Amino acid sequence: SNICRESGLSVVRSFHEIPSQLKLSSRLIAEQMRCENTQWYVMMWYYQRMEPMGALLVFFVSLFVAIGRGKIVTPSTAALALSVSLEMIGRVPAVLRMMTEITVEFNSVERVFEYVNELPREAPAYVEGRRPPPDWP
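Analysis parameters
Residues numbered from 1 in each chain as written. Predicted model: local features only at pLDDT ≥ 70, side-chain atom pairs only at ≥ 80, totals over all residues. Heavy atoms only, no water. Helix = DSSP H or I, 4+ residues; strand = E, 2+ residues; numbered from the N terminus. Rg over C-alpha atoms; globule rule 2.2 N^0.38 Å. Buried < 20%, exposed > 50% of the residue type's maximum accessible area, 1.4 Å probe, protein only. Contact = heavy atoms within 4.5 Å. Lys, Arg positive; Asp, Glu negative; His and termini not counted. Charge placed at Lys NZ, Arg CZ, Asp CG, Glu CD. Patch = residues over 30% accessible without salt bridge, like charges linked within 9 Å, V, L, I, M, F, W, Y side chains within 5 Å. Areas by Shrake-Rupley, 256 points an atom, 1.4 Å probe, with all protein chains shown as cover. Salt bridge = Lys/Arg side-chain N within 4 Å of Asp/Glu carboxyl O. Axes fitted to C-alpha atoms, helices over the stretch in contact; angles between N-to-C directions. Parallel < 35°, antiparallel > 145°, perpendicular 65-115°, else oblique. Left-handed = near helix turned anticlockwise from the far one by under 90°. Nonpolar A, V, L, I, M, F, W, Y, C, P; charged D, E, K, R; others polar. pLDDT = per-residue confidence, 0-100. Expected span 1.5 Å × (residues − 1). Bend = angle between axes of the 7 residues up to and from the residue. Phe/Tyr/Trp six-rings, centres within 6.5 Å; stacked < 30°, edge-to-face > 60°.

## Overview of the overall build of the chain
- Looking only at helices and strands, one finds three helices and zero strands in the chain.
- What you see for the chain is a C-alpha radius of gyration of 31 Å, clearly larger than the 14 Å of a compact globule of 137 residues, by over 25%.
- Referenced to the eigenvectors of the C-alpha coordinate spread, the extents of the chain come out at roughly 100 × 65 × 20 Å.
- Relative to its 137 residues, the chain shows a buried fraction of 10%.
- A separation of at least 24 residues holds for 56% of the contacts in the chain among residues at least 6 apart in sequence.
- Charged side chains in the chain number 14 positive and 14 negative. The centres of these two groups are separated by 10 Å.

## Concerning a nonpolar patch on the surface
- The grouping of L56, F59, F60, L63 and I67 at the surface amounts to a nonpolar patch, some 520 Å² of accessible area in total.
- Tracing the sequence through the fold places I67 in helix α2 (residues 18-67).

## Some points on the pattern of salt bridges
- Inspection of the entire model under this criterion finds two salt bridges.
- Linking E87 and R91 is a salt bridge whose minimum nitrogen-to-oxygen distance equals 2.9 Å. With a gap of four residues between them, E87 and R91 both fall in helix α3 (residues 75-117), about one helical turn apart.
- In this structure, the salt-bridge partner of R131 is E128, at a minimum N-O distance of 3.8 Å.
- On the basis of relative accessible area, R131 is assigned to the partly exposed category, the value being 46%.
- On the basis of relative accessible area, E128 is assigned to the exposed category, the value being 62%.

## Some remarks on the packing of α2 against α3
- In contact at an axis separation of 10 Å, α2 and α3 are set at 160° when each is read in the N-to-C sense. The orientation of α2 relative to α3 falls into the category roughly antiparallel. Taken as a pair, α2 and α3 cross one another with a handedness that is right-handed. Residues Y46, Y47, M50, E51, G54, A55, L57, V58, V61, S62 and V65 of α2 form the contact with α3, whose participating residues are A78, A81, L82, S85, L86, M88, I89, V92, P93, L96 and R97.
- Residues that form the contact of α2 with α3 fall into these classes: 17 nonpolar, three polar and two charged.

## Examining the confidence of the model for the chain
- Averaged over every residue, the pLDDT of the chain is 82; residues scoring 70 or more account for 95%.
- Per-element confidence in the chain is highest for α3, whose mean pLDDT is 87, and lowest for helix α1 (residues 9-14), whose mean pLDDT is 74.

## Section: α2
- Taking 1.5 Å as the rise per residue, α2 with 50 residues should run 74 Å; its terminal C-alpha atoms sit 71 Å apart, in good agreement.
- The sharpest bend along α2 measures roughly 40° and falls at R34.
- Packed against the buried residues of α2 are α3.

## Concerning the packing of aromatic side chains
- In the structure shown here, the tally under the stated rule is three aromatic pairs.
- Aromatic side chains W40 and Y41 sit 5.4 Å apart centroid to centroid with 65° between the ring planes, which places their arrangement in the edge-to-face category.
- Classification of W40 by relative accessible area gives partly exposed; the value is 48%.
- A centroid spacing of 5.4 Å and a plane angle of 65° characterise the contact between F59 and F60, whose relative ring orientation is edge-to-face.
- When its relative accessible area of 46% is taken as the criterion, F59 is described as partly exposed.

So this is what it looks like as structure tokens:
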């Protein structure tokens, strides 16, 4: 428990506050984990949506291979098409995640660019006509 790491463990024990401190510690840990749990839920939701699309891709590639067998598709191209489509199932979510991260990072770049170029400049630190007298503290 986090109480053991605190230097006030003897004070907590002497005032018989161990149950309330354990509740507080558990609540704080749960609050800290909320972001990670939310991210995990979003990723699971995303993969549940991407897996059926990947299955459709493999299904249509397999259908094309079955229909074109002997005419358009040779056994080696069929194996290549199926292996590439299976590989795409794993790569598409990673590519989409990278594109999302790049978009978010460029959002901050755009914000900095706006701060630099579009905001009015501050007044100079020293204005010669408005300086205090030399004897002023």
